[in-house]
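Descriptive analysis of the structure
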Amino acid sequence: MARKTEPKKDPVTVLRDKIAELQKLSQENHLDVNDAILQLKKKLDVALRKNAAKLSPWDRVLLARSPGRPYTLDYVELLFTDFVELSGDRRFSDDKAIVGGFAKFRGEPVMVIGTQKGRDTKSNLFRNFGWPGADGYRKALRLMRLADKAGVPIVTFIDTPGAYPGIASEERHVGEAIAVNLREMFALRVPVISIIIGEGGSGGALGLGVGNRILMMENAYYSVITPEGCAAILWKDRKFAPQAAEALQLTSDRLLELGVADEIILEPAGGAHCDREAAATALGEALARHPEQPQKKVAVKLIGQRCEKFRRIGHFVEDAEKTGK
């Protein structure tokens, strides 16, 4: 009878097991093994970086959806001070899938607005799984106009699979709400920095994404449609989502090449969910390089720079026969 063999562990799992074993040994026997643990953590970091280089676009999508990743309110807690949340769209309700308010970033006032998911069933129902409706986009626009009047920069955090497609959302004209946001964001007289921290799905993301600068976390994605939605349309089967993710060119590195993203924020080894504090630190350093106080750049230049950025997005080739050239 052949002896059953255990599956071979990958190097990352082996290193993690060794680190956990040493940490347990240190606690139980009061031994100083910090140097050994530090060396193993360095090897683990290298192994994780090697694995990251092999990730497919679909792998990046799955990482972007990891429930352990920091969300908007996590970054607010880790990076901002004096946060005062503002609620309601002054028309119908307060959409909990979008949060926002005044805060201070390194001593300077800013308006922070972002989509927010939950971490368990109760909080996900409260946040509508991060799917904003029409009321959420109108709330976001109200806060943007308030920031514009106050003359403070706007920082938006984007992490949503898309706008909520339910009946109630359609009855309150979610498409019109997003379209108005797009129009009005181009006219804002203060700097707008948009950061995709996880999922950047469809118009739901673009409704907060008209920025002077667009930053992306390393494992975030930004796309006109989710891979599953694309697969359902093109292949009539959601199981082709990995192929759709490849075709959509939705990863941060590809979008940087295409001129959609302005900077990639590197995540800690293994992803932002492995070390929220390190991810927040990296995001904070990137954010500090981009926001400009309104008085340093007149409104006309800010509006013009924002419009020019979006005009430059996209690659096309003209047919010489049709153009006569």
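Just so it is clear, the structure is predicted and the values come from calculations on it, not from any experiment.

A closer look at the overall build of the protein chain
Counting its secondary structure elements, the protein chain contains 15 helices and 8 strands. Counting only contacts in the protein chain whose residues sit at least 6 apart along the sequence, the fraction spanning at least 24 positions is 72%.

Section: the pairing of strand β5 (residues 192-201)
The element β5 is largely enclosed, with a buried count of 10 among its 10 residues. Bridge count for strand β4 (residues 154-160) against β5 is 6 bridges, and the pairing is parallel. Each bridged residue has a counterpart across the sheet, and for I158 the counterpart in β5 is I196. Here 4 bridges tie β5 to strand β6 (residues 213-217), and the two strands are oriented parallel to one another. Paired with I196 across the strands is M216, a residue of β6.

A word on unusual backbone geometry
Where the residue is not glycine, phi is negative for most of them; where a peptide bond is considered, it is trans in most cases. Its identity is not glycine, yet R90 carries a phi of approximately 65°, on the positive side. One non-glycine residue with positive phi stands out, namely Q249, at about 55°. Relative to the helices and strands, Q249 is located in the loop between α11 (241-248) and α12 (252-257).

Concerning the side chain of S66
Of note, S66 is situated in the loop between α3 (57-64) and α4 (72-79). What makes S66 buried here is its relative accessible area of 15%. The residues contacting S66, other than those within four sequence positions of it, are Y71 and H273.

Describing the nonpolar core
Grouped together as the largest cluster of nonpolar side chains are 53 residues, with contacts concentrated most on Y75, F80, I113, I154, F157, I195 and L283. Broken down by element, the residue count for this core peaks at 6 residues, all from helix α6 (residues 134-150). Formed by 7 residues, the second largest nonpolar core is a distinct cluster that contains V61, Y221, A241 and A245.

Observations concerning the pattern of salt bridges
The final tally for this structure, using the stated rule, is 18 salt bridges. Ionic pairing is found between E176 and R138, a salt bridge with its closest N-O pair at 2.8 Å. Within this pair, whereas E176 is found in helix α8 (residues 174-186), its partner R138 is found in helix α6, the two being separated by 38 residues in sequence. The exposure class of E176 is partly exposed, given its relative accessible area of 42%. With a relative accessible area of 15%, R138 lands in the buried category. Connected through shared salt-bridge partners, R65, K117, D159, E199 and E228 make up one network.

Overview of a nonpolar patch on the surface
Nonpolar side chains collect at one region of the surface, where I233, L234 and W235 lie side by side and expose about 320 Å² of accessible area between them. By secondary structure assignment, the location of I233 is in helix α10 (residues 227-234).

Examining the pairing of β6
Of all 5 residues making up β6, 4 are buried, and the element is well covered by its neighbours. Relative to strand β8 (residues 263-265), β6 runs parallel, the two being bridged by 3 bridges. When the bridges of β8 are listed, M216 appears paired with I264.

Looking at α6
Taking 1.5 Å as the rise per residue, α6 with 17 residues should run 24 Å; its terminal C-alpha atoms sit 24 Å apart, in good agreement. Of all 17 residues in α6, 13 are buried; the element is thus mostly enclosed. Downstream of α6 by a residue or two, G151 has a phi angle that is positive, lying close to 75°.

Some thoughts on the packing of aromatic side chains
Counted by the stated rule, this structure contains 5 aromatic pairs. On the basis of an interplanar angle of 15° and a centroid distance of 5.7 Å, the ring pair of W235 and F240 is categorised as stacked. Classification of W235 as partly exposed rests on a relative accessible area of 34%. For F240, a relative accessible area of 24% translates into the label partly exposed. Chaining the aromatic ring pairs together yields one cluster made of Y75, F80, F105 and F157.

Reading guide: rules and limits
- Residues numbered from 1 in each chain as written.
- Predicted model: local features only at pLDDT ≥ 70, side-chain atom pairs only at ≥ 80, totals over all residues.
- Heavy atoms only, no water.
- Helix = DSSP H or I, 4+ residues; strand = E, 2+ residues; numbered from the N terminus.
- Contact = heavy atoms within 4.5 Å.
- Buried < 20%, exposed > 50% of the residue type's maximum accessible area, 1.4 Å probe, protein only.
- Pairing = 2+ DSSP bridges.
- Core = buried A, V, L, I, M, F, W, Y, C linked by side-chain atoms within 4.5 Å.
- Salt bridge = Lys/Arg side-chain N within 4 Å of Asp/Glu carboxyl O.
- Patch = residues over 30% accessible without salt bridge, like charges linked within 9 Å, V, L, I, M, F, W, Y side chains within 5 Å.
- Areas by Shrake-Rupley, 256 points an atom, 1.4 Å probe, with all protein chains shown as cover.
- Expected span 1.5 Å × (residues − 1).
- Phe/Tyr/Trp six-rings, centres within 6.5 Å; stacked < 30°, edge-to-face > 60°.

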